[in-house]
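Results of the structural survey
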Amino acid sequence: MTGTRLNGGASARPDSARPDEGTPVGRRIVLGMLGLGAIGVAVGAGVQEKVDRALSPINKIVPIGGGFRYYSVVDSVDRRDAGNYTLTVSGRVRERRTFTMADLRALPQTRITRDFQCVTGWRVPKVPWAGVALPDLLDAVGAAPAAAAVRFRSFDGAYTESLTMEQARRRDVLVATEMLGKPVTHDHGGPVRLFVAPMYGYKSLKWLGGIEVVDKVVPGYWEERGYDVDAWVGRSNGRDDEPT
């Protein structure tokens, strides 16, 4: 899945709304929203069991204008802004570094416009993104050539994700500081989030707080609950109906 209350996806709520506000929705409504998307990611005899298990941590699912949904696996997330944000990059690197927002903006900037696709079925087309291409950040800290993977942690305290090093070296994987032509808002996972353009939104971790260069892929929050580790749009999670 995706989203702030799922943490992977791009979420959207009015900026005046707190992430812990809103009315919880019933199970049947949740299943209706997920629809075929949920079934597509939980194929086989254990469909209902996997769907129920995947949905159990979600407190609220709020459809909002612009096509985005707001999800989260925690009750609330502390807000950080450009003045107090830091991102620590560690593990198999030449130099462990902690980047401020100013440090990130001083690195080469990359802009892309790509669809945001949730594994549950909804899509927002042609979303402009900007930030530091992950390969440039890895080069800045001297990631070990022999390292096999990169792990990401959210400062929500619960959500994690991983990419293989080959995936992390793609130019369409961003440490995103801008979205929709403005700084990434809190409800969209800001001030800094991951955007993995060719994969479903649950890989695009929100509220990015830490990056670690590691020796193997560690399944993330939703992979531990039945989602595919490689989340290619159109060719993972039981779906083969969309181009990458």
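Further up the page is the structure itself.
The shown structure was predicted, so the numbers you read here are calculated from the model rather than taken from an experiment.

Take the pairing of strand S11 (residues 193–196) next. Side chains Arg193 and Phe195 project from S11 onto one buried face, and the interleaved Leu194 and Val196 project onto a second face that is buried too. Pairing of strand S9 (residues 173–179) with S11 involves four bridges; the strand directions are antiparallel. Each residue of the ladder has a partner; that of Val173, found in S11, is Val196.

Another aspect to go through is unusual backbone geometry. Pro191 follows Gly190 through a cis peptide bond whose omega is 15°. If you trace the backbone, Pro191 turns up in the loop between strand S10 (182–183) and S11. Residues other than glycine seldom take positive phi values, yet Leu180 does so here, at roughly 60°. Judged by relative accessible area, Leu180 falls into the partly exposed class, the value being 42%. Phi is positive for Asn237, which is not a glycine, with a value near 55°. With respect to the helices, strands and loops of the structure, Asn237 is situated in the segment after strand S12 (208–214).

On to the pattern of salt bridges, then. For the structure shown, the criterion picks out eleven salt bridges. One salt bridge in this structure joins Glu223 and Lys203, with 3.1 Å as the shortest N-O distance. Taken as a pair, Glu223 in the segment after S12 and Lys203 in the loop between S11 and S12 lie far apart in primary sequence, 20 residues in all. Accessibility assignment for this pair places Glu223 and Lys203 in one class, buried. It is possible to trace a salt-bridge network through shared partners that takes in Arg114, Arg170 and Asp172.

With that settled, consider helix H4 (residues 134–141). Counting buried residues along H4, seven of its eight residues qualify, which places the element largely inside the surrounding structure. Every buried residue of H4 is accounted for by Leu134, Pro135, Asp136, Leu137, Leu138, Ala140 and Val141. Trailing H4 by a residue or two, Gly142 shows a phi angle of about 70°, which is positive.

Here is what the cut-offs are and how they apply
- Residues numbered from 1 in each chain as written.
- Predicted model: local features only at pLDDT ≥ 70, side-chain atom pairs only at ≥ 80, totals over all residues.
- Heavy atoms only, no water.
- Buried < 20%, exposed > 50% of the residue type's maximum accessible area, 1.4 Å probe, protein only.
- Helix = DSSP H or I, 4+ residues; strand = E, 2+ residues; numbered from the N terminus.
- Pairing = 2+ DSSP bridges.
- Salt bridge = Lys/Arg side-chain N within 4 Å of Asp/Glu carboxyl O.

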